[in-house]
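Okay, here's what each chain looks like letter by letter:
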Amino acid sequence: MSDKHAFTRRQFLHTGLAMLSTVGSVPGFLPNAAAAMTDVDSLVKNKPGVPDDRVLVVVQLSGGNDGLNTVIPFGMREYYNARPNIAVPERDLLVVDPNTGIGLHPGLRDLYEMLGERRATILQGVGYPNPNRSHFASMDVWHSGITDTSGSGQRGRGWIGRALDHARQNDITTDAHGMECITLGTTAPLATLGRDVRPVTFQRPNLFRWHGGNQDETLTSTYNQLLEQTSQSPRSASVGTPNGTPKEDDPAAFIFRTALDAQVASTKVRQAVQQESKTRFPGGPLSSQLETVAAMIRAELPTRVYYVALGGFDTHANQFGPHNNLLQQFAGSVRAFYRELDATGHGHRVVTMAFSEFGRRVRQNASQGTDHGAAGPMFLFGDHARPGLLGDHPSMSNLENGDITYNIDFRSVYRDVLENWMKLNGDAAFARTVQPAGIVHV
């Protein structure tokens, strides 16, 4: 390799690790190389003051969930007036607060039962100033944690990624071998992207390969050349020091280490999901994702953040039945997830947070659905969030351009989770003016 700085570790990391093919594409020298190194499990050691056993699971409800038909203000007649065909009848609701007239959609019975167990939190009217009704723009705001377009210099990095970057750069977290964050899906969410920290992303845990060459063919030739050299002499000085430990400033070293990280991650993930769950999951896309996450938590991977998503909430037409099914899947999957965590002894380690990019318009449309609106409920689950119905429901009579207005800034919830649960630096992710919501406790 003529130019040892042609590719940086960051460039390789930015190509991401994806489960696109078989693990057989992981270089053959790695088993030997791994054997030459210390046992990887021994490298993952807790550091004083770093609660590495605490896990955050983020559930994204994609499409813009209709919050008004999720946490329902049945005590406000404006709700029924605005939605003559799609409003949920009061007789069908799961009443949460009879005094203020708030109930849950009947599809959320599992969530309702978690409320009774004091393991669920409903935050009413969460949003941000000057809301945008575009899926792309609003999701960008929720992922970046930046509501001011003047902060465009931070675009391309998410709130989780910035916080994990800070932890890695300041050596206040353990070496997770690139597994600080795992996302399930086809692409890594913006929220999880940092400058240095990038998530492991996959759809199916039994498939894994490095795919940098898909983005730049020159990466493939360089990568293969180094792998060939390394396979011939994995302990050579061109790759590492005489004792086999890669040099930090050697481009071959970071490829070696990155590839080894991939091998370690792939092996650990596949081993984790081979275990059969102790409880039953209801089935469906979100259920499957959370069952996989539960298996990885049970296997005690060094991962602190897992990210999953459920789509289909963009209910412009005939929303009543589909929305009911989505809410049932959401609540049933989360409930099953915690049953499994409890059965494996890990329920106390996990806080789960669910959000959607915006709510829907107050008034139904002509297609028996709802269009893009603003503000909506957020949900937290687990033993470490103040349980119950929090905040006031937004007014149904004092609207802004036909939308309800937010009462809680979503960034205050994010910051609360980062600082008080994960013990990460909130200033790394948000402006100091954003204060924690005060919901999380330990």
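These numbers were taken from a predicted model, which means no experiment stands behind them.

Peer 1: When you look at the confidence of the model for the protein chain in this model, what are you seeing that I'm missing?
Peer 2: Any residue range with low pLDDT should be treated as having predicted coordinates unsuitable for detailed reading. Of all residues in the protein chain, 74% attain a pLDDT of 70 or more, and the chain-wide mean is 83. Contacts from residues 1–44, a stretch scored under 50 in pLDDT, to residues over four places away or in other chains number 103 contacts. Across residues 234–245, where pLDDT falls below 50, the model places 21 contacts with residues more than four positions away in sequence or in other chains.

Peer 1: Help me understand the pattern of salt bridges, please; the structure alone is not making it clear to me.
Peer 2: Between side chains of opposite charge, a pair can form when the charged atoms approach closely. Applying the stated rule across the entire model yields 15 salt bridges. Between Arg119 and Asp383 there is a salt bridge, and its shortest N-O distance comes to 2.8 Å. One end of the pair, Arg119, is in the loop between helix H5 (109–116) and strand S6 (120–127); the other, Asp383, is in the loop between strand S12 (376–381) and strand S13 (388–390), with 264 residues separating them in the sequence. According to the relative accessible area criterion, Asp383 is partly exposed, its value standing at 33%. Connected via shared salt-bridge partners are Asp110, Glu113, Glu117 and Arg335.

Peer 1: Help me understand helix H11 (residues 320–343) in this model?
Peer 2: Because the α-helix completes a turn every 3.6 residues, residues three or four places apart line up on one side. Taking 1.5 Å of rise per residue, 24 residues should cover 34 Å, and H11 covers 35 Å from first to last C-alpha, within 8% of that figure. Gly345 sits one or two residues past H11 and shows a positive phi near 80 degrees.

Peer 1: For this particular structure, what's the right way to read the packing of aromatic side chains?
Peer 2: As enumerated under the stated definition, the model contains 13 aromatic pairs in all. With centroids separated by 5.3 Å and ring planes inclined at 15 degrees, the aromatic side chains of Trp142 and Phe355 adopt a geometry described as stacked. With a gap of 213 residues between them, Trp142 in helix H6 (residues 135–144) and Phe355 in strand S11 (residues 350–356) connect regions that are remote in the sequence. The two residues Trp142 and Phe355 agree in class, both being buried. When the ring centre of Trp421 is taken as origin, the NZ or CZ atom of Arg54, which lies over that ring, is 5.2 Å away.

Peer 1: Honestly, the pairing of S12 in this entry has me stumped. Any pointers?
Peer 2: On any regular strand, side chains alternate: one points to one face of the sheet, the next to the other face. Of all six residues that make up S12, six are buried, and the element is covered over most of its length. Where S11 lies against S12, three bridges are found, and the strand directions are antiparallel. For Met353, the partnering residue across the bridge sits in S12 and is Leu380.

Peer 1: Help me understand the sheet that holds strand S3 (residues 71–72) in this model?
Peer 2: Working definition: the strands of a sheet are paired by backbone hydrogen bonds and lie parallel or antiparallel to each other. Pairing is antiparallel across the open sheet formed by three strands, whose spatial order is S3-S5-S4. Taken across any chain shown, the strands that pair with only one partner, and hence form the sheet edges, are S3 and strand S4 (94–97). Both S3 and strand S5 (residues 102–104) contribute to a ladder of two bridges, which runs antiparallel. Following the sheet pairing, Val71 is matched in S5 by Leu104. Of the strands in this sheet, S4 and S5 are in contact with H5, which crosses S4 at around 35 degrees.

Peer 1: Please clarify how the nonpolar core should be interpreted in this entry.
Peer 2: Most often, soluble globular proteins keep nonpolar side chains buried together rather than apart. Val57, Leu111, Ile182, Met296, Phe330 and Phe337 are the most contacted members of the largest nonpolar core, which totals 47 residues. With nine residues, the single largest contributor to this core is H11. Among all residues touching Leu111, those that are not within four sequence positions of it are Leu104, Ala120, Ile122, Phe330, Ala331, Phe379 and Phe381.

Peer 1: Just to check I follow, could you spell out the side chain of Ser356 for this structure?
Peer 2: Counting through the fold element by element, Ser356 comes out in strand S11. Judged by its relative accessible area of 9%, Ser356 is buried. In this structure the side chain of Ser356 is engaged in a polar contact, spanning 2.6 Å, whose partner is the backbone oxygen of Leu61. Those residues within four positions of Ser356 in sequence are excluded, and the remaining contacts are Leu61, Gly64, Asn65 and Trp142.

Parameters and conventions
Residues numbered from 1 in each chain as written. Predicted model: local features only at pLDDT ≥ 70, side-chain atom pairs only at ≥ 80, totals over all residues. Heavy atoms only, no water. pLDDT = per-residue confidence, 0-100. Contact = heavy atoms within 4.5 Å. Salt bridge = Lys/Arg side-chain N within 4 Å of Asp/Glu carboxyl O. Helix = DSSP H or I, 4+ residues; strand = E, 2+ residues; numbered from the N terminus. Buried < 20%, exposed > 50% of the residue type's maximum accessible area, 1.4 Å probe, protein only. Expected span 1.5 Å × (residues − 1). Phe/Tyr/Trp six-rings, centres within 6.5 Å; stacked < 30°, edge-to-face > 60°. Lys NZ or Arg CZ within 6 Å of the ring centre and 35° of its normal. Pairing = 2+ DSSP bridges. Axes fitted to C-alpha atoms, helices over the stretch in contact; angles between N-to-C directions. Core = buried A, V, L, I, M, F, W, Y, C linked by side-chain atoms within 4.5 Å. Polar contact = N/O pair within 3.5 Å; in protein donor to acceptor, adjacent residues only side chain to side chain.

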